[in-house]
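Close look at the chain arrangement
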Amino acid sequence: MTRALLVEVAGPLTTLQDLGRPGFAHLGVPRSGALDQSALLLGNRLVGNPATCAGLEITIGPFAATLPFAGTLALTGAAAPLRVGGRPAPINAPVAFRPGDRVEVGRAVAGLRGYLTLSGGFAAPPVLGSRATDTLSALGPPVVRAGDALAIGAPAGDPSTVDVAPCPALGGPVTLGLTWGPRADYFTDTAALLAGAYTIGNDSNRVGARLTGPVLTRAHQRELPSEGIVLGAVQVPASGQPLVFLADHPTTGGYPVVAVVDPGDLSLLAQARPGDTVRFCGPQQ
């Protein structure tokens, strides 16, 4: 029997994601991978997959597909209505499906990105050791479209019935810890970054979260040569409005990096929506 998920509705942005392809920044290739890695890891545990298996990252939804084979699925991350075989199903839990069942993920009601994992994982050909879709460099599988048939691998383990990992609260203001970056001295008052509230812009994506709020004023106008960029870097372009680089970030940039967000807080930012409030906390100067 064919082990492929047949996509009917792909939503505004659905991509294949795993834990990414670290170790290639010196070649200009970012890590990419799931923006909310804790949600993907939970989904893989629930369906009995190794941690390295790929799942679908569904941005806001909706999403629908037919499953011509039997197995187990899980939906983690953003809270969204889930139906399997025409019946309501729980999220953050393993759900058995039968050949011919349809999986339907509604529009997220809290959070932004949901992760659909299937027993066996998605079997797209790896690129540089990863099945992650990099939307900036177009490495890895293409963005998922309606009509796609996505190959599924053979199950490697039994589904889980209990998982002790807590699911983070979704929605509301987000507070991100940070450490000062290499160019904090380029700004007259970095305390403004900690004191003010920012709003996530509509032009945010997998490359970065663009923020609107207190302007950071340059202490001088000296230009920088391009420097290395890391995941979570808070870069400040000429507008003075910061942006936080996410998984598909460029590996170099010429604007100063004032700070870097704590890696453990990036999942919170991955689930924040345009219009949500972001605050920073961290070391004082």
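Since this is a predicted model, take the numbers as computed values, not measurements.

Further remarks concern the overall build of the protein. Looking only at helices and strands, one finds three helices and 20 strands in the protein. A compact globule built from 285 residues would reach a C-alpha radius of gyration of about 19 Å, and the protein, at 20 Å, matches this within 12%. With the principal axes as the frame, the protein shows a C-alpha extent of 65 × 40 × 30 Å. Long-range pairs, those at least 24 residues apart, make up 77% of the contacts in the protein between residues at least 6 apart in sequence. Surface accessibility of the protein: about 12,000 Å² in total, with carbon and sulfur atoms responsible for 58%. Here the protein contributes 19 positively and 19 negatively charged side chains, and the mean placements of these two sets differ by 4 Å.

Within strand 4 (residues 63-67), five of the five residues are buried, which leaves the element mostly enclosed by the surrounding structure. Along strand 4, one buried face is formed by Phe63, Ala65 and Leu67 and the opposite face, lined by Ala64 and Thr66, is buried too. Relative to strand 4, strand 1 (residues 4-9) runs antiparallel, the two sharing three bridges. In the strand pairing of strand 4, Val7 is matched with Ala65.

Membership of the largest hydrophobic core comes to 36 residues, with the highest contact counts inside it found for Trp180, Leu193, Leu216, Val258, Leu269 and Phe280. Those elements that place two or more of their residues in this core are helix 1 (37-47), strand 12 (174-180), helix 2 (191-195), strand 13 (198-200), strand 14 (208-212), strand 19 (257-261), helix 3 (266-270) and strand 20 (277-281). Core analysis: the next-biggest nonpolar cluster, separate from the first, contains 32 residues, Val7, Ala10, Ile60 and Val95 among them.

Approximately 280 Å³ is the volume attributed to the largest pocket. Around the largest pocket, the lining comprises 16 residues; the ones closest to its centre are Leu35, Gln37, Pro263, Leu266 and Ser267. Those elements giving two or more residues to the lining of the largest pocket turn out to be helix 1 and helix 3. In terms of residue count, helix 3 provides more of the lining of the largest pocket than any other element does, three residues in total. Tallied by class, residues from the lining of the largest pocket come to nine nonpolar, five polar and two charged. Along its surface, the second largest pocket is lined by 16 residues, and Thr59, Leu112, Arg113, Ser204 and Asn205 are the ones closest to its centre. Taken together, the elements giving at least two residues each to the lining of the second largest pocket come down to strand 10 (110-118) and strand 14.

Looking at helix 1, one finds that the buried residues are Ala39, Leu40, Leu42, Gly43, Asn44, Leu46 and Val47. Buried residues along helix 1 sit against strand 2 (13-17), strand 3 (55-59), strand 5 (71-79) and strand 10.

By way of backbone hydrogen bonds, the strands of a sheet pair with one another, either parallel or antiparallel. On the basis of which strands lie adjacent, the closed barrel formed by seven strands has the order 12-19-16-17-14-13-20 and mixed pairing. For this sheet the average axis-to-axis angle between neighbouring strands, irrespective of direction, equals 40°. When strand 14 meets strand 17 (residues 243-245), the two strands line up antiparallel, connected through three bridges. From the neighbouring strand, Ala209 faces strand 17, where its bridge partner is Val244.

Here Leu268 is to be found in helix 3. You can call Leu268 partly exposed: its relative accessible area is 32%. In sequence terms Leu268 and Asp36 are 232 residues apart; their C-alpha atoms lie 7.7 Å from each other. In contact with Leu268, other than residues within four places in its own chain, are Val174, Thr175 and Leu176.

According to the stated counting rule, one finds one cavity of 30 Å³ or more in the structure shown. Approximately 50 Å³ is the volume attributed to the largest cavity. Forming the walls of the largest cavity are Ile58, Ile60, Gly61, Leu75, Ala78, Ala80, Val105, Gly106, Ala108 and Gly114.

With antiparallel pairing, the five strands of this open sheet are ordered in space as 2-3-10-5-8. Single-partner strands in this sheet number two, and they are strand 2 and strand 8 (95-97). Geometrically, the sheet is characterised by an average inter-axis angle of 25° between neighbouring strands, direction not taken into account. Strand direction decides the pairing type here: strand 2 and strand 3, joined by five bridges, are antiparallel. Bridge pairing in strand 3 links Thr14 to Ile58. Together, strand 2, strand 3, strand 5 and strand 10 form the strand contacts of helix 1, whose direction differs from that of strand 5 by roughly 155°.

Parameters and conventions
- Residues numbered from 1 in each chain as written.
- Predicted model: local features only at pLDDT ≥ 70, side-chain atom pairs only at ≥ 80, totals over all residues.
- Heavy atoms only, no water.
- Helix = DSSP H or I, 4+ residues; strand = E, 2+ residues; numbered from the N terminus.
- Rg over C-alpha atoms; globule rule 2.2 N^0.38 Å.
- Contact = heavy atoms within 4.5 Å.
- Areas by Shrake-Rupley, 256 points an atom, 1.4 Å probe, with all protein chains shown as cover.
- Lys, Arg positive; Asp, Glu negative; His and termini not counted.
- Charge placed at Lys NZ, Arg CZ, Asp CG, Glu CD.
- Buried < 20%, exposed > 50% of the residue type's maximum accessible area, 1.4 Å probe, protein only.
- Pairing = 2+ DSSP bridges.
- Core = buried A, V, L, I, M, F, W, Y, C linked by side-chain atoms within 4.5 Å.
- 1 Å grid on protein atoms, 1.4 Å probe; cavity = no way out; pocket = protein on both sides within 12 Å on 5 of 7 lines; lining within 4 Å.
- Points joined across faces, edges and corners; volume = space filled by probe spheres on them.
- Nonpolar A, V, L, I, M, F, W, Y, C, P; charged D, E, K, R; others polar.
- Axes fitted to C-alpha atoms, helices over the stretch in contact; angles between N-to-C directions.

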